[in-house]
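Spelled out, the chains give:
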Amino acid sequence: MRVLVTGGAGYIGSHTVLLLLESGHDVLVVDDLSNASAESLRRVAELAGREPGFIEGNIADPAVLERAFGEFSPEAVIHFAGWKAVGESTQLPLVYYRENVAATVALAQAMADHGCHLLVFSSSATVYGDGTPPFTEDAPTGATNPYGRTKWMIEQILADAAAADPQLAVGVLRYFNPIGAHPSGRIGEDPRGIPNNLVPFVAQVASGRLAQLAVFGDDYDTEDGTGVRDYVHVMDLAAGHLAALDYLVDHPGWNVWNLGTGHGASVLQVVHAYEQACGHPIAYAVKPRRPGDVAASFADPAKANRELGWQATRTLDEMCADTYRWQSANPNGYRTD
Ligand code: UFG
């Protein structure tokens, strides 16, 4: 299949592009590199032995969309591009609505205009807000910040579009907490600046780039008092996109699946798993809770298991070992300076 991948140079995008190429699909990546590096695609090409096409640009730009659809005639779109920092979204809500919601509307319109009927969209478990896990896909939604609301709004917009167009097949993937890296250590997560997320932060403490991890609260109602999340290996997540693509080929309409393992791990369990991977202790100190955090979030992934035949197979130890391999081989991420 010819697959257009927006945000394909980013963390989850690059791992998915690799699997698409390895599975024989033709890929065109559109990415404005605002939070990604073209080096990731060079390495994807080296691993796959084939190159994806690449357009540097933002899908909110009509000329970029026109060029991508005109030159490539995609049969399917996997849409990763978007802004994703919760804290930043409270400071820049209008940017988030433009870059996430408005850009997706433009993309869906371009698909309709060019007769492309298959769309996989990157949503997030953040749409479940502070509900009670495990979350099934029909659990009540209630995002607690502008970023989460953009994901929720896009889900609704795509549901309306699918209801109006009997040919359109939409697969919404609600990711839990993706971590890990390709086992080669050649591609991985490369956050700009100080990482917001737990595992990239832990990885940089372990490598000596940061001094100490702040554990945001140890008084939650969880096993050890620290926050619990459903960490899922990025390679498992990438495989979920291929499974969704396959399913959508003969299932028009709007579909939603959780992509998680179904098991939660606490902050301290992640720290200890990473200590095993890197072979030395990781400095941390307990600090106050981070505003907006929930105590626990983990998936009920039964629907994806049943309908997509997809299951997360990699353990937390593998996720940490793969992150450590990537981090050790690339202490400055994709930057060579
Ligand atoms: N945490 C720390 N110290 C840190 C960073 C995180 O203790 O320096 C804790 C958090 O309090 C939380 C856990 O580690 O308990 C995970 O935090 P992350 O920031 O890694 O992930 P979140 O679950 O907060 O958010 C992530 C994505 C969101 C997405 C959400 C979906 O960042 O984009 O998962 O559940 F919406």
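Reference entry: report on the structure contained in this document.

Thresholds applied
Residues numbered from 1 in each chain as written. Predicted model: local features only at pLDDT ≥ 70, side-chain atom pairs only at ≥ 80, totals over all residues. Heavy atoms only, no water. Helix = DSSP H or I, 4+ residues; strand = E, 2+ residues; numbered from the N terminus. Rg over C-alpha atoms; globule rule 2.2 N^0.38 Å. Contact = heavy atoms within 4.5 Å. Buried < 20%, exposed > 50% of the residue type's maximum accessible area, 1.4 Å probe, protein only. Pairing = 2+ DSSP bridges. Core = buried A, V, L, I, M, F, W, Y, C linked by side-chain atoms within 4.5 Å. Phe/Tyr/Trp six-rings, centres within 6.5 Å; stacked < 30°, edge-to-face > 60°. Lys NZ or Arg CZ within 6 Å of the ring centre and 35° of its normal.

Quick look at the overall build of the chain
Point 1. Helix and strand counts for the chain stand at 11 helices and 14 strands.
Point 2. Taken against the 2.2 N^0.38 rule, which gives 20 Å for 337 residues, the C-alpha radius of gyration of the chain at 19 Å falls within 12% of a compact globule.
Point 3. Dimensions along the principal axes, computed over C-alpha positions, put the chain at roughly 55 × 45 × 40 Å.
Point 4. Contacts in the chain between residues at least 24 apart in sequence constitute 80% of all its contacts with a sequence separation of at least 6.

A word on the environment of Ile59
Point 1. Note on placement: Ile59 falls in the loop between strand E3 (53-56) and helix H3 (62-72).
Point 2. Linking Ile59 and Ala169, residues 110 residues apart in sequence, is a C-alpha distance of 20 Å.
Point 3. Ignoring any residue separated from it by four or fewer positions in sequence, one finds Ile59 in contact with Thr6, Val30, Leu65, His79, Ala103, Ala106 and Leu107.

Notes on the environment of Val5
Point 1. Within the secondary structure layout, Val5 lies in strand E1 (residues 2-6).
Point 2. Judged by relative accessible area, which is 0%, Val5 ranks as buried.
Point 3. Sequence separation of Val5 and Ala106 is 101 residues, and the distance between their C-alpha atoms is 15 Å.
Point 4. For Val5, the contacting residues outside a window of four places in its chain are Val17, Leu20, Val27, Leu28, Val29, Val30, Ile78 and Phe80.

Quick notes on the sheet that holds strand E9 (residues 228-229)
Point 1. The strand order across the open sheet built from 3 strands is E12-E9-E14, with neighbouring strands paired in mixed fashion. The open sheet terminates on both sides in strands that have one partner only, identified here as strand E12 (265-266) and strand E14 (296-297).
Point 2. With 2 bridges connecting them, E9 and E12 associate as antiparallel partners. Its bridge partner being in E12, Arg229 is matched across the sheet by Ala265.

As for the nonpolar core
Point 1. Grouped together as the largest cluster of nonpolar side chains are 45 residues, with contacts concentrated most on Val5, Leu20, Ile78, Leu245, Trp257, Leu308 and Trp310.
Point 2. Here the element with the most residues in this core is helix H8 (residues 234-249); it accounts for 10 residues.
Point 3. Counting residues in hydrophobic clusters, the runner-up holds 26 residues, among them Ile59, Phe72, Ala110 and Leu158.

Considerations on the packing of aromatic side chains
Given two aromatic rings, their pairing is described by the distance between the two centres and the angle made by the two planes.
Point 1. Under the definition given, this model contains 6 aromatic pairs.
Point 2. Ring geometry for Trp83 and Tyr96: centres 5.7 Å apart, planes at 85°, overall edge-to-face. Separated by 13 residues along the polypeptide, Trp83 in the loop between strand E4 (76-79) and helix H4 (86-91) and Tyr96 in helix H5 (residues 93-113) bring together distant segments of the chain.
Point 3. Residue classification places Trp83 among the partly exposed positions, given a relative accessible area of 26%.
Point 4. By relative accessible area, Tyr96 is classed as buried at 0%.
Point 5. Between Tyr128 and Phe135 the ring centres are 4.6 Å apart and the planes differ by 5°, which places this aromatic pair in the stacked class. Taken as a pair, Tyr128 and Phe135 share a single burial class, namely buried.
Point 6. An aromatic cluster of three or more residues is present, and its members are Tyr128, Phe135 and Phe176.
Point 7. Of note, Arg289 hangs over the ring of Tyr220, and the distance from its end group to the ring centre comes to 4.0 Å.

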